[in-house]
Amino acid sequence: MIFNGQELVAIIKMAKAMVMADGKIEPSEIAVMTREFMRFGVPQNQVDLLLKASDNIEASQAVALVAGMDEERKKYVASYLGVIMAADGDIDDNELALWTLISTLCGLPTMNVLDAINNMKNL
């Protein structure tokens, strides 16, 4: 699966929002978020640039970029956010609400957390 730089920035914007949705930043959530950078071959010296760029992209632009993806990549985004949400072993109502909102705005496929985890294992 291939994402361009702007798409990665949009995904990271959403991932960071998911990490912060419950009001606490857990190391397990950060680990899940950043592990994906390596999976996509993002060089270590580029990670900080992507993280900074994600602070500068407007949420509406991030939504538009993700909404424009094909179904396979949308499934990845929904799964990725679901796995981040579950990473600390506690699914907070705010995290679930954010996942639902992002999924609705971006036209992501509907899934539960177990589906998200299984999808990420199979990608």
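Anyway, here's the lowdown on the structure attached to this text.

1. Description of the side chain of Ser54
Link 1 in the chain: With respect to the secondary-structure elements, Ser54 resides in helix 3 (residues 44–56).
Link 2 in the chain: Setting aside residues no more than four positions away along its own chain, Ser54 makes contact with Val9, Ile12, Lys13 and Lys16.

2. Section: the packing of helix 1 (residues 5–20) against helix 5 (residues 71–86)
Link 1 in the chain: In contact at an axis separation of 9 Å, helix 1 and helix 5 are set at 25° when each is read in the N-to-C sense. As judged from the angle between their axes, helix 1 and helix 5 are roughly parallel. Considering only the axes of helix 1 and helix 5, their crossing is right-handed. Within the contact between the two elements, helix 1 uses Glu7, Ile11, Met14, Ala15, Met18 and Val19 and helix 5 uses Arg73, Val77, Tyr80, Leu81, Ile84 and Met85.
Link 2 in the chain: Among the residues making up the contact of helix 1 with helix 5, the classes are represented as 10 nonpolar, no polar and two charged.

3. Focus: the pattern of salt bridges
Link 1 in the chain: In total, this model carries seven salt bridges according to the counting rule given.
Link 2 in the chain: A salt bridge links Asp55 to Lys16; its shortest N-O distance comes to 2.5 Å. Taken together, the positions of Asp55 in helix 3 and Lys16 in helix 1 put the pair 39 residues apart, joining distant regions of the chain.
Link 3 in the chain: Note that Asp22 is salt-bridged to Lys24, the shortest N-O span being 3.6 Å.

4. Details of the nonpolar core
Link 1 in the chain: Judged by nonpolar contacts, the single largest core of 40 residues is most densely connected at Met14, Val66, Val77, Tyr80, Leu81, Ile84 and Trp99.
Link 2 in the chain: In contact with Trp99, not counting residues within four places along its chain, are Met18, Ala78, Leu81, Gly82, Met85, Met111, Asn112, Val113 and Ala116.

5. A look at helix 4 (residues 59–67)
Link 1 in the chain: Every buried residue of helix 4 is accounted for by Ala62, Val63 and Val66. Looking straight down helix 4, one finds that the buried residues subtend no more than 100° of arc, so they occupy a single side.
Link 2 in the chain: Looking at the buried side of helix 4, the elements it contacts are helix 1, helix 5 and helix 6 (93–106).

6. Things to note about the packing of aromatic side chains
Link 1 in the chain: Scanning the entire structure with this criterion turns up two aromatic pairs.
Link 2 in the chain: Judged by centre distance (5.4 Å) and plane angle (45°), the ring pair of Phe3 and Tyr76 falls under tilted. Taken together, the residues Phe3 in the segment before helix 1 and Tyr76 in helix 5 connect sequence positions 73 residues apart.
Link 3 in the chain: With a relative accessible area of 9%, Phe3 lands in the buried category.
Link 4 in the chain: Plain terms: the ring middles of Tyr76 and Tyr80 are 5.5 Å apart, the flat faces sit at 15° to each other, and that makes the pair stacked.

What counts and how
- Residues numbered from 1 in each chain as written.
- Predicted model: local features only at pLDDT ≥ 70, side-chain atom pairs only at ≥ 80, totals over all residues.
- Heavy atoms only, no water.
- Helix = DSSP H or I, 4+ residues; strand = E, 2+ residues; numbered from the N terminus.
- Contact = heavy atoms within 4.5 Å.
- Axes fitted to C-alpha atoms, helices over the stretch in contact; angles between N-to-C directions.
- Parallel < 35°, antiparallel > 145°, perpendicular 65-115°, else oblique.
- Left-handed = near helix turned anticlockwise from the far one by under 90°.
- Nonpolar A, V, L, I, M, F, W, Y, C, P; charged D, E, K, R; others polar.
- Salt bridge = Lys/Arg side-chain N within 4 Å of Asp/Glu carboxyl O.
- Core = buried A, V, L, I, M, F, W, Y, C linked by side-chain atoms within 4.5 Å.
- Buried < 20%, exposed > 50% of the residue type's maximum accessible area, 1.4 Å probe, protein only.
- Arc of directions from axis to C-beta.
- Phe/Tyr/Trp six-rings, centres within 6.5 Å; stacked < 30°, edge-to-face > 60°.

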